[in-house]
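Survey of secondary and tertiary structure
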Amino acid sequence: MKIIFIYELKKIMYRKLIFVSMLISLALILITICAPLLGDYYVDGEYISNNYEMFQTDMAYQKALNDRQIDDALLQEMQEAYAKVPLDKERYSLTEEYQTYARPYSAIYHTVRSLTGLTGNAVLMELDNAKDIYQMRTEDLERDWETLLLSEKEKTFWKEQESRIEFPMTFQYAEGYNILMSSAYTIGLLCIFIVSVCLANIFPEEHVRKTDQLILSSKYGRKHIFISKYLAGIVVAGVISLVLILFAFGITFLIYGIEGFDALFQLVYAPSSCHITVGQAVLILYSMILLASIFEGAFVMMLSEVL
């Protein structure tokens, strides 16, 4: 079985289709991850800056806020900074006041918006203290539980999860993990698509070339050949997906940094009550992509042989 398995593995891995598909996929992943940094920022046809420089500035501001609790003091600082900006202007983000005072706190402003559901001036006018932020988030969650018709047992479970979350929340720079989460759909679809394309003709190829009767009439019989080829395909599916995922991680951390693994998941996805960090959420998400690709590969191979 070992000899046959290694032989079948080499047959699959040495196909040109694998290499071509992988190169195309790696290029698409690179474009997906770098997309927010590409191009220039224009307003009414006037050049303002390029997206990479804007990212560098925002990253520096966010790192300056690292490990600060979103409490009364930070909320007040943010509100006072935005109070200096003429928000009634259509392009207030281009004003000198915004760039000088408010932009350093823009990450806190957007985090508060996501936690409360408030928009625009409401973030500045309707929040008296940090407790209001977390109270509004709790009320939104409880309304969602009612809408989803959760049972009392389920509500109790999620309340226990909520009780494990530390308040006030601590802000952390975690842009790399944000990018990985937002790119997960593209990367996941690529993994499944490439695995399907590369494994779909492993069994039919033997029938087309008329070699099926030759290899299936060996003294080990049909069972050993089928299992070896099937297992080899599953391993290849796992390897393809793992390479694409590791490439995505490597490029992301190289560009955006590895900081923020321990950041609260709620800072990225406020409606969640799961007591996990952003880094743990990313690992879970990409583990699911890896498993999905392997199952997809197994399904495609079985379907191709049956049909």
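As shown above, the structure is provided for reference.
The structure contained in this document is the topic of the report that follows. (Residues numbered from 1 in each chain as written. Predicted model: local features only at pLDDT ≥ 70, side-chain atom pairs only at ≥ 80, totals over all residues. Heavy atoms only, no water.)

**Topic: the packing of aromatic side chains**
- Taken as a whole and assessed by the stated rule, the structure comprises 13 aromatic pairs.
- Taken together, the ring pairs in this structure connect Tyr177, Phe249, Phe253, Phe261 and Tyr286 into an aromatic cluster. (Phe/Tyr/Trp six-rings, centres within 6.5 Å; stacked < 30°, edge-to-face > 60°.)

**What to know about the side chain of Thr95**
- Inspection of the secondary structure assignment puts Thr95 in the loop between helix H4 (72-83) and helix H5 (96-102).
- Here Thr95 falls in the buried class, since its relative accessible area comes to 9%.
- Setting aside residues no more than four positions away along its own chain, Thr95 makes contact with Val85, Pro86 and Lys89. (Helix = DSSP H or I, 4+ residues; strand = E, 2+ residues; numbered from the N terminus. Buried < 20%, exposed > 50% of the residue type's maximum accessible area, 1.4 Å probe, protein only. Contact = heavy atoms within 4.5 Å.)

**Things to note about the pattern of salt bridges**
- Under the criterion given, the structure shown has nine salt bridges.
- Put simply, Lys229 and Glu8 hold a salt bridge, and the shortest N to O gap is 2.8 Å. Of this pair, Lys229 sits in helix H14 (residues 221-256) while Glu8 is found in helix H1 (residues 2-13), placing the two residues 221 residues apart along the sequence.
- Judged by its relative accessible area of 4%, Glu8 falls in the buried class.
- Ionic pairing is found between Lys155 and Glu146, a salt bridge with its closest N-O pair at 2.6 Å.
- Residue Lys155 is classed as buried on the basis of its relative accessible area, which comes to 9%.
- Three or more residues are tied together by salt bridges with common partners; here these are Glu8, Lys11 and Lys229. (Salt bridge = Lys/Arg side-chain N within 4 Å of Asp/Glu carboxyl O.)

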